[in-house]
Amino acid sequence: MKPLKFTGSSLDNLREFPEKAKREAGYQLSQVQLGFEPSDWKPMSIIGSGVREIRIHHDGEFRVIYYQAA
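Residues numbered from 1 in each chain as written. Predicted model: local features only at pLDDT ≥ 70, side-chain atom pairs only at ≥ 80, totals over all residues. Heavy atoms only, no water.

Enquirer: Please set out the packing of aromatic side chains residue by residue, giving values where relevant.
Expert: The final tally for this structure, using the stated rule, is one aromatic pair. On the basis of an interplanar angle of 40° and a centroid distance of 4.8 Å, the ring pair of phenylalanine 17 and phenylalanine 62 is categorised as tilted. One end of the pair, phenylalanine 17, is in the loop between helix 1 (10–15) and helix 2 (19–33); the other, phenylalanine 62, is in strand 3 (residues 62–67), with 45 residues separating them in the sequence. Of the two residues, phenylalanine 17 and phenylalanine 62, neither departs from the other in class, the shared state being buried. For the cation-ring pair, arginine 52 lies above tryptophan 41, with the distance from its terminal atom to the ring centre recorded as 4.0 Å. (Phe/Tyr/Trp six-rings, centres within 6.5 Å; stacked < 30°, edge-to-face > 60°. Helix = DSSP H or I, 4+ residues; strand = E, 2+ residues; numbered from the N terminus. Buried < 20%, exposed > 50% of the residue type's maximum accessible area, 1.4 Å probe, protein only. Lys NZ or Arg CZ within 6 Å of the ring centre and 35° of its normal.)

Enquirer: Please give an account of the nonpolar core that cites residues and values.
Expert: The biggest cluster of nonpolar side chains holds eleven residues, and these are Leu14, Phe17, Ala21, Ala25, Leu29, Val32, Ile54, Ile56, Phe62, Val64 and Tyr66. Elements supplying a minimum of two residues to this core: helix 2, strand 2 (51–56) and strand 3. At four residues, the largest contribution of residues to this core is made by helix 2. Those residues in contact with isoleucine 54, other than ones at most four positions away along the chain, are Gln28, Leu29, Val32, Pro38, Asp40, Trp41, Phe62, Arg63, Val64 and Tyr66. (Core = buried A, V, L, I, M, F, W, Y, C linked by side-chain atoms within 4.5 Å. Contact = heavy atoms within 4.5 Å.)

Enquirer: So what's going on with the environment of asparagine 13? Which residues, and what values?
Expert: Position of asparagine 13 relative to the elements: it lies in helix 1. Among the residues examined, asparagine 13 registers a relative accessible area of 38% and is labelled partly exposed. When the C-alpha atoms of asparagine 13 and tyrosine 27 are compared, they prove to be 16 Å apart, with 14 residues separating the residues in sequence.

Enquirer: Before we move on, can you summarise the side chain of glutamine 31 with the specific residues and values?
Expert: Along the polypeptide, glutamine 31 turns up in helix 2. With a relative accessible area of 17%, glutamine 31 lands in the buried category.

Enquirer: So what's going on with the pattern of salt bridges? Residues and values would help.
Expert: All chains considered together, the criterion is met by eight salt bridges. Between glutamate 19 and arginine 23 there is a salt bridge, with the nearest N and O atoms lying 3.8 Å from each other. Of this pair, glutamate 19 and arginine 23 both sit in helix 2, four residues apart, which is roughly one turn of that helix. In this structure glutamate 19 comes out as partly exposed when scored by relative accessible area, which is 46%. Overall, arginine 23 belongs to the exposed group, its relative accessible area being 53%. For arginine 52, the salt bridge identified is with glutamate 37, shortest N-O distance 2.7 Å. Here arginine 52 is found in strand 2, whereas its partner glutamate 37 is found in the loop between helix 2 and strand 1 (41–43), with 15 residues between them in sequence. Taking relative accessible area as the criterion, arginine 52 reaches 17% and is therefore assigned buried. Taken together, the shared-partner salt bridges in this structure form one network comprising Lys42, Glu53, Glu61 and Arg63. (Salt bridge = Lys/Arg side-chain N within 4 Å of Asp/Glu carboxyl O.)

Structure, rendered in structure tokens:
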């Protein structure tokens, strides 16, 4: 399983998501750790190579930005 590393206030920000969105974010991040693609994502090449956005549609719209090392 690939490790996760949160930077800055990102973990605190994630913890502020509504419960359903927080659970979905956790599930999608676990998929990434296992080497799978998130169910709804897009590349964020404007930020940098390997940066992706997970899109979560529960109780509003939420985003998790992560970097996937090669």
